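Chain by chain, the residues run as shown.
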Amino acid sequence: VSIQEMISSVTPADINLASVQLTIQFISGSQVSFQQVESAQLPGPNVSYIPGINIGSTPAGRYILNGTAVTQPYVTLSVTNAGSAPITGTVTLFDRNNAFVTTAAIPTIPVNGAAGYLVVGRSQDDPLALFPYSIVLPGGSDSIFRGTLVVNMTGPNITLAQEFNGSSMLNLLVVH
């Protein structure tokens, strides 16, 4: 489950994000079986937080076809320049415990331009890759990396992330 709540005010000083927390409880029968507390994150005006990223953790398992569907999930990202000047940026992966994993640069996107990428490449020199195909990510017992992708651009942008898992797809759109 991925939940995002936005809190806004005409007077930003009215909101103390340092004290905002979300508690999630999983119930089994009438007992709490697991509880997680998350603190609020204050993004900059051009920062997109994309939680719930799932990627095959090792090169050996990524982009393997079972018929026409890839057997482990993978993520694509596109960024559209919504401003009046060229923009650049970075993408950073954090694991499920919010620990830094890796970061990469997004090349310059011209005014009215857009760029699309695979978060992890399919081959050694994949020109669509943000991270190389050889990267090994910390995965669970099912060999899936789970975490958050943070896209930090230097200007107004529209960010779209798509996750493909088998023959299904999930979209997340962020407009700044």
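What counts and how
- Residues numbered from 1 in each chain as written.
- Predicted model: local features only at pLDDT ≥ 70, side-chain atom pairs only at ≥ 80, totals over all residues.
- Heavy atoms only, no water.
- Phe/Tyr/Trp six-rings, centres within 6.5 Å; stacked < 30°, edge-to-face > 60°.
- Helix = DSSP H or I, 4+ residues; strand = E, 2+ residues; numbered from the N terminus.
- Buried < 20%, exposed > 50% of the residue type's maximum accessible area, 1.4 Å probe, protein only.
- Salt bridge = Lys/Arg side-chain N within 4 Å of Asp/Glu carboxyl O.
- Core = buried A, V, L, I, M, F, W, Y, C linked by side-chain atoms within 4.5 Å.
- Contact = heavy atoms within 4.5 Å.
- Pairing = 2+ DSSP bridges.
- Axes fitted to C-alpha atoms, helices over the stretch in contact; angles between N-to-C directions.

Draft legend 1. Fine view of the packing of aromatic side chains. According to the stated counting rule, one finds three aromatic pairs in the structure shown. Consider the rings of Tyr 63 and Tyr 74, whose centres lie 5.2 Å apart with planes at 55 degrees: the pair is tilted. Here Tyr 74 lies in strand E5 (residues 69–81) and Tyr 63 lies in the loop between strand E3 (47–56) and strand E4 (65–66), a separation of 11 residues in the sequence. By the burial criterion, Tyr 63 is buried, and Tyr 74 matches it. Between Tyr 74 and Phe 164 the ring centres are 5.1 Å apart and the planes differ by 15 degrees, which places this aromatic pair in the stacked class. One end of the pair, Tyr 74, is in strand E5; the other, Phe 164, is in strand E11 (residues 157–166), and 90 residues separate them in sequence. Linked through ring pairs, Tyr 63, Tyr 74 and Phe 164 together constitute an aromatic cluster.

Draft legend 2. A look at the environment of Val 70. Within the secondary structure, Val 70 sits in strand E5. Note on Val 70: relative accessible area 12%, which makes it buried.

Draft legend 3. Inspection of the pattern of salt bridges at higher detail. Taken as a whole and assessed by the stated rule, the structure comprises two salt bridges. In this structure, Asp 126 engages Arg 122 in a salt bridge whose closest nitrogen and oxygen atoms are separated by 3.1 Å. Given the relative accessible area of 9%, Asp 126 is considered buried.

Draft legend 4. Quick look at the nonpolar core. Of all hydrophobic cores here, the largest spans 29 residues; its most connected members are Leu 77, Val 91, Ile 106, Phe 131, Leu 149 and Val 151. Mapped onto this core, the elements with two or more residues apiece are E3, E5, strand E6 (87–95), strand E7 (100–109), strand E8 (114–120), strand E9 (129–131) and strand E10 (144–153). With near-sequence residues (within four places) excluded, Val 91 lies in contact with Leu 77, Thr 102, Thr 103, Ala 104, Ile 106, Leu 130, Phe 131, Leu 149, Val 150 and Val 151.

Draft legend 5. Structural view of the sheet that holds E7. A sheet is described by the order of its strands in space; here four strands give the open sequence E3-E10-E6-E7, paired in antiparallel fashion. Looking at the sheet topology across the chains shown, the edges are occupied by E3 and E7. Here the strands of the sheet are splayed against their neighbours by 25 degrees on average, with no regard to which way each runs. In this sheet, E7 lies alongside E6 in antiparallel orientation, the contact comprising seven bridges. Looking across to E7, one finds that Val 91 is bridged to Ala 104.

Draft legend 6. Expanded view of unusual backbone geometry. With a phi close to 55 degrees, Tyr 63 is a non-glycine residue in the positive phi region. A positive phi angle, close to 65 degrees, is found at Asn 112, a residue other than glycine. On the secondary structure map, Asn 112 appears in the loop between E7 and E8. A residue is classified by how much of its surface remains accessible, and Asn 112, at 72% relative accessible area, is exposed.

Draft legend 7. Geometry of the pairing of E5. For E5, the buried fraction is high: 10 of the 13 residues fall into the buried class. Looking at chain direction, E4 and E5 are connected through two bridges and run antiparallel. Residue pairing across strands places Leu 65 opposite Val 70, the latter belonging to E5. Between E4 and E5, which pair antiparallel in sequence order, lie two residues; one of them, Gly 67, sits at a positive phi of approximately 75 degrees. When E5 meets E8, the two strands line up antiparallel, connected through five bridges. The partner of Thr 80 across the bridge, within E8, is Ala 114.

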